[in-house]
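This is what each chain is made of:
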Amino acid sequence: MFGFINGLLRRSHRERLRFAKFPSHWLEILKTNVPLYTQLSASDQDQLKWRVQVFLAEKRFEGCGGLTITDEMIVTIAGHACLLLLRRDTDFYPELYSILLYPSAFLVPVKRDFGDAPGIVHEGVDALCGEAWPTGAIVLSWDEVCKASLDDRDGTNVTVHEFAHLLDMEGGAADGTPILRNHKQYMGWVKVFEAEFQYLRRARRRGRSTVLDKYGTEHPAEFFAVATEAFFENPTALKQQHSALYSAIKGYYQQDPVMWLFRKK
Ligand SMILES: [Zn+2]
């Protein structure tokens, strides 16, 4: 009962935010730090601004490693996160509660079995610039978020990457398959993604250059995340060289970034 009422209140609050004024300094941050915003149609820009307001009203940002959270940080991250939600019926990353932000790469403990001796596991640390946790948090490094924001055409964006992981996890395990509309879309998705995943693995083994970041060969979940980055940041090359993959991702995000490039401003 309380869940039902909370859901109603949340939806009502979200709808009220459609009429809230978007602060002018937030708009300047979007234009500067989320360059893809400037390529959207006027109606998509309005939709993005509304989604950013809902996102910022519902998610908590925490500065780590001595970092003080600023408006620039929260609007930049929310802008990229909401780009992935733009045309879809969405519940705004319902499992996400916190965004933890470090000033730079952060260290996480890891255990690895190199197979060098039976039962021996090596402990160490990895330096990461982003990580999505299934327990309701995303961790990012601000300097990597900034680097990605400055170049929206290099095919990589750590914020987009980590939020793609969250969408993937909405379907259960992080396996490269987010929630799709119907059985037919699932069947098409699995066929295309499996073929493209294997293609990328072969290209990596043979040392060939690829549109997709080869980090995508690590796991199907990473493949979906790097494919999402390329879809938004290098759409023309992705469409030319991997048209079936582009089409599948376009069907999911219900957006066509190639067309943004031809829009008159
Ligand atoms: Zn990843």
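Below or above, wherever it landed, is the structure these notes cover. (Residues numbered from 1 in each chain as written. Predicted model: local features only at pLDDT ≥ 70, side-chain atom pairs only at ≥ 80, totals over all residues. Heavy atoms only, no water.)

Remarks on the sheet that holds strand β5 (residues 130-133)
Right, on to step 1. One open sheet holds the 4 strands; their spatial order is β1-β2-β6-β5, and the pairing between them is mixed. A strand with exactly one partner marks an edge of an open sheet, and here the two such strands are β1 (60-63) and β5. Averaged over neighbouring strand pairs, the angle between their axes works out to 15° when direction is ignored.
Right, on to step 2. Two strands pair when backbone bridges link them, and strand β2 (residues 98-102) and strand β6 (residues 137-141) are joined in this way by 5 bridges, in the parallel orientation. Bridge assignment links isoleucine 99 to a residue of β6, and that residue is isoleucine 138.
Right, on to step 3. Against the sheet, helix α4 (residues 71-83) touches β1, β2 and β6, its axis set at about 120° to β2. (Pairing = 2+ DSSP bridges. Helix = DSSP H or I, 4+ residues; strand = E, 2+ residues; numbered from the N terminus. Axes fitted to C-alpha atoms, helices over the stretch in contact; angles between N-to-C directions. Contact = heavy atoms within 4.5 Å.)

Focus on the environment of leucine 17
Right, on to step 1. Along the chain, leucine 17 falls in helix α1 (residues 2-17).
Right, on to step 2. Along the primary structure leucine 17 and tryptophan 50 are separated by 33 residues, whereas in three dimensions their C-alpha atoms are 6.7 Å apart.
Right, on to step 3. Filtering out sequence-adjacent residues up to four positions away, leucine 17 remains in contact with Trp50, Gln53, Val54 and Ala57.

Quick notes on the pairing of β2
Right, on to step 1. Of all 5 residues making up β2, 4 are buried, and the element is well covered by its neighbours.
Right, on to step 2. Running through α4, the crossover from β1 to the neighbouring parallel element β2 is left-handed. (Buried < 20%, exposed > 50% of the residue type's maximum accessible area, 1.4 Å probe, protein only. Right-handed = clockwise from strand over helix to strand, strands pointing away.)

Some points on the side chain of glutamate 233
Right, on to step 1. By the element assignment, glutamate 233 lies in helix α8 (residues 220-233).
Right, on to step 2. Here the side chain of glutamate 233 touches threonine 156 through a polar contact of 3.4 Å, landing on its backbone nitrogen.
Right, on to step 3. Look past the residues within four positions of glutamate 233 in its chain and what remains in contact with it is Ala148, Asp151, Asp152, Arg153, Asp154, Gly155, Thr156 and Asn157. (Polar contact = N/O pair within 3.5 Å; in protein donor to acceptor, adjacent residues only side chain to side chain.)

Let's talk about the coordination of the zinc ion
Right, on to step 1. At 2.0 to 2.8 Å from the zinc ion lie its protein donor atoms, namely His161 (NE2), His165 (NE2), Glu222 (OE) and Glu222 (OE).
Right, on to step 2. For the zinc ion, the 4 donor atoms in the first shell make angles of 51 to 144° at the metal, so the coordination geometry reads as irregular.
Right, on to step 3. We note that the donor set of the zinc ion lies within a single chain, spaced as H-x3-H-x56-E. Of this pair, histidine 165 sits in helix α6 (residues 158-169) while glutamate 222 sits in helix α8, and the two are 57 residues apart along the sequence. (Donors = N, O, S within 2.8 Å, 3.2 Å for Na, K, Ca; no water. Tetrahedral: all angles 85-135°; square planar, octahedral: opposite > 155°, others 65-115°.)

As for the nonpolar core
Right, on to step 1. By size, the foremost hydrophobic cluster in this structure holds 70 residues, and its most contacted members are Phe55, Leu84, Tyr93, Phe163 and Tyr253.
Right, on to step 2. Ranked by residues supplied to this core, first place goes to α4 with 8 residues.
Right, on to step 3. Sequence-distant contacts of phenylalanine 55, that is, excluding residues within four places in its chain, are made with Phe61, Ala78, Ala81, Cys82, Phe92, Tyr93, Leu96, Ile99 and Phe163.
Right, on to step 4. Cys64, Leu100, Val108 and Val110 belong to the second largest nonpolar core, which has 6 residues in total. (Core = buried A, V, L, I, M, F, W, Y, C linked by side-chain atoms within 4.5 Å.)

A few points about the side chain of aspartate 44
Right, on to step 1. Here aspartate 44 lies in helix α3 (residues 42-58).
Right, on to step 2. Aside from chain neighbours lying at most four places away, what touches aspartate 44 is Leu86 and Arg87.

Overview of a nonpolar patch on the surface
Right, on to step 1. Together, Phe4, Ile5, Leu8 and Leu9 line one region of the surface with nonpolar side chains, adding up to about 390 Å² of accessible area.
Right, on to step 2. Along the chain, phenylalanine 4 turns up in helix α1. (Patch = residues over 30% accessible without salt bridge, like charges linked within 9 Å, V, L, I, M, F, W, Y side chains within 5 Å. Areas by Shrake-Rupley, 256 points an atom, 1.4 Å probe, with all protein chains shown as cover. Salt bridge = Lys/Arg side-chain N within 4 Å of Asp/Glu carboxyl O.)

As for the pattern of salt bridges
Where charged atoms from two side chains of opposite charge come close, those side chains can pair.
Right, on to step 1. In total, this model carries 10 salt bridges according to the counting rule given.
Right, on to step 2. Here arginine 14 makes a salt bridge to glutamate 58, at a shortest N to O gap of 2.8 Å. Of the two residues, arginine 14 is situated in helix α1 and glutamate 58 in helix α3; the sequence distance between them amounts to 44 residues.
Right, on to step 3. Judged by its relative accessible area of 7%, arginine 14 falls in the buried class.

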